Amino acid sequence: MKTVILDAKALNPGDLSWDDFRTLGELDVYQRTDPQDVVKRAKCAEIVITNKVVIGKNEMEQLPECKYIGILATGYNVVDIEEASKRGITVTNVPAYSTDSVAQLVFALLLENEHRVARHNELSHGAWEKHDMFCLYESPLFELSGKTFGIFGYGSIGTAVAKIANAFGMRVLCYSRTKKADDTVTWVDKETLFRESDYLSLHCPLTPLTDKLINNDTIALMKKSAVIINTTRGGTVDEQAVASALSEGRIRAFLADVLSTEPPKPTNPLLKAPNCLITPHIAWATIEARSRLMKEAFLNAQAYTEGKKRNVIEI
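A brief structural summary. Note that the coordinates shown come from a computational prediction; the quantities given were computed from them, not determined experimentally.

Conventions used here
- Within any chain, residue numbers begin from 1 and follow the written order of that chain's sequence.
- The model is predicted, so local features are restricted to residues of pLDDT at least 70 and side-chain atom pairs to those at 80 or more, both for listing and for counting; the totals for chains, interfaces and linings are taken over all residues.
- Calculated side-chain values reflect all of the structure's heavy atoms, with hydrogen atoms and water omitted.
- At least two bridges found by DSSP between two strands is the condition for calling them paired.
- The helix and strand labels rest on DSSP assignments: H or I over at least four residues marks a helix, E over at least two residues marks a strand, and numbering proceeds from the N terminus.
- Any two residues whose heavy atoms approach within 4.5 Å are treated as being in contact.
- Note on method: axes are straight lines fitted to C-alpha atoms, helices fitted across the in-contact stretch only, with angles between N-to-C directions ranging 0 to 180 degrees.
- Each residue is assigned to one of three classes by its accessible area relative to the maximum for its type, calculated with a 1.4 Å probe on protein chains only: buried under 20%, partly exposed between the two thresholds, exposed over 50%.
- Polar contacts, as used here, are pairs of N or O atoms within 3.5 Å; protein pairs need one atom able to donate a hydrogen and one able to accept it. Residues neighboring in sequence count only if both atoms are side-chain atoms.
- Handedness of a crossover is defined as follows: orient the strands so they point away from the viewer, and if the path from the first strand over the helix to the second runs clockwise, the crossover is right-handed.

Section: the sheet that holds strand E11 (residues 253-256)
Strand order in the open sheet formed by 7 strands is E8-E7-E6-E9-E10-E11-E12, with parallel pairing between adjacent strands. In the strand order of this sheet, the two ends are held by strand E8 (186-187) and strand E12 (276-278), each with one partner. Here 4 bridges tie strand E9 (residues 199-202) to strand E10 (residues 227-230), and the two strands are oriented parallel to one another. Across the sheet, the residue bridging to Leu 200 is Ile 228, located in E10. Seen against the sheet, helix H5 (residues 99-115) touches strand E6 (148-152), E9, E10, E11 and E12 and runs at an angle of roughly 145 degrees to E11.

This is the structure in structure tokens:
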């Protein structure tokens, strides 16, 4: 049995091992694969592993040996699930492997924005020694305790974020299509969430209902002092609307780990917007989360070889 990993580098830049996959049989590992090379590289493989390389109907038509596609992620939009089902190809993903890591980055972004740690570290190397007082700070700095933290989407990540917000002494508001029995948060409608949140954190999948969820109309509902945090999908935000709102002072800050196109185009309006803090899609990438992802992806593939179902995506 042959396994091909099409884009290994994002998950494993060299600090993890693919050795578990070698127990399944022959293994070919490619750091990256361009679209025109997918069929050539996966031609004789029964098991194909992908992260962001697209495998659609056209590719499947040319890969008759392929019986299993393992996705190195939670999202599965890179694979044509309906076509795979027609062809009897098993497709799996890895849910919830990065919950704690994403929740951690939400507050890393928020704390950096509210206390400007990196900037004050810079001031400590040169400017502070020349200052005429014992302390040197660039204001304003903000305290989280007592503020209202809004969460849009209450799956595993939203739940983890709520726990941290509660630990900071914040009032936590939630909106989700499905309510959970949780007396540590207050459930509200969408309009109330936008109106009352000092901080609004997005934790919903990108669907037709959440496409450009943050737009001119929803921003108009928010406080001018509000901070929006996006660690879910870039498409949930109308980036031009947010950039304009930042420039015009209609919201205080925008913090993001994701953009609509990644890597971003130089013309992305958020790259030059004021009070905009962006990290390059790193929330999932802690060593612990990537190790879990690697292990779970292997267990999914191993289950397939044993005739068992594990994290199978079904339509």
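A closer look at helix H10 (residues 239-247)
Regarding H10, the residues found buried are Glu 239, Ala 241, Val 242, Ala 243, Ala 245 and Leu 246. Buried positions along H10 lie against helix H9 (216-221), E11 and E12. Positive phi shows up at Gly 249, right after H10, with a value of about 70 degrees.

Some details on the side chain of Asn 268
Structurally, Asn 268 is set in the loop between E11 and E12. For Asn 268, the side chain forms a polar contact with the main-chain nitrogen of Leu 270, separated by 2.9 Å. In this view, Asn 268 contacts Glu 239, Leu 259 and Ser 260; residues no more than four positions away in its chain are not counted.

Describing the pairing of E11
Across the two faces of E11 the burial is the same, with Ala 253 and Leu 255 and Phe 254 and Ala 256 all buried. With H10 bridging E10 and the parallel E11, this β-α-β connection has right-handed handedness. When E11 meets E12, the two strands line up parallel, connected through 3 bridges. Looking at E12, one finds that Leu 255 is bridged to Leu 277.

What to know about unusual backbone geometry
Cis geometry is found at the peptide bond from Ser 139 to Pro 140, where omega equals 0 degrees. Relative to the helices and strands, Pro 140 is located in the loop between helix H6 (117-124) and E6. The backbone of Ala 96 sits at a positive phi, close to 65 degrees, despite the residue not being glycine. Tracing the sequence through the fold places Ala 96 in the loop between strand E5 (90-92) and H5. Notably, His 281 is not glycine yet its phi reads approximately 55 degrees, a positive angle. Within the secondary structure layout, His 281 lies in the loop between E12 and helix H11 (287-305).

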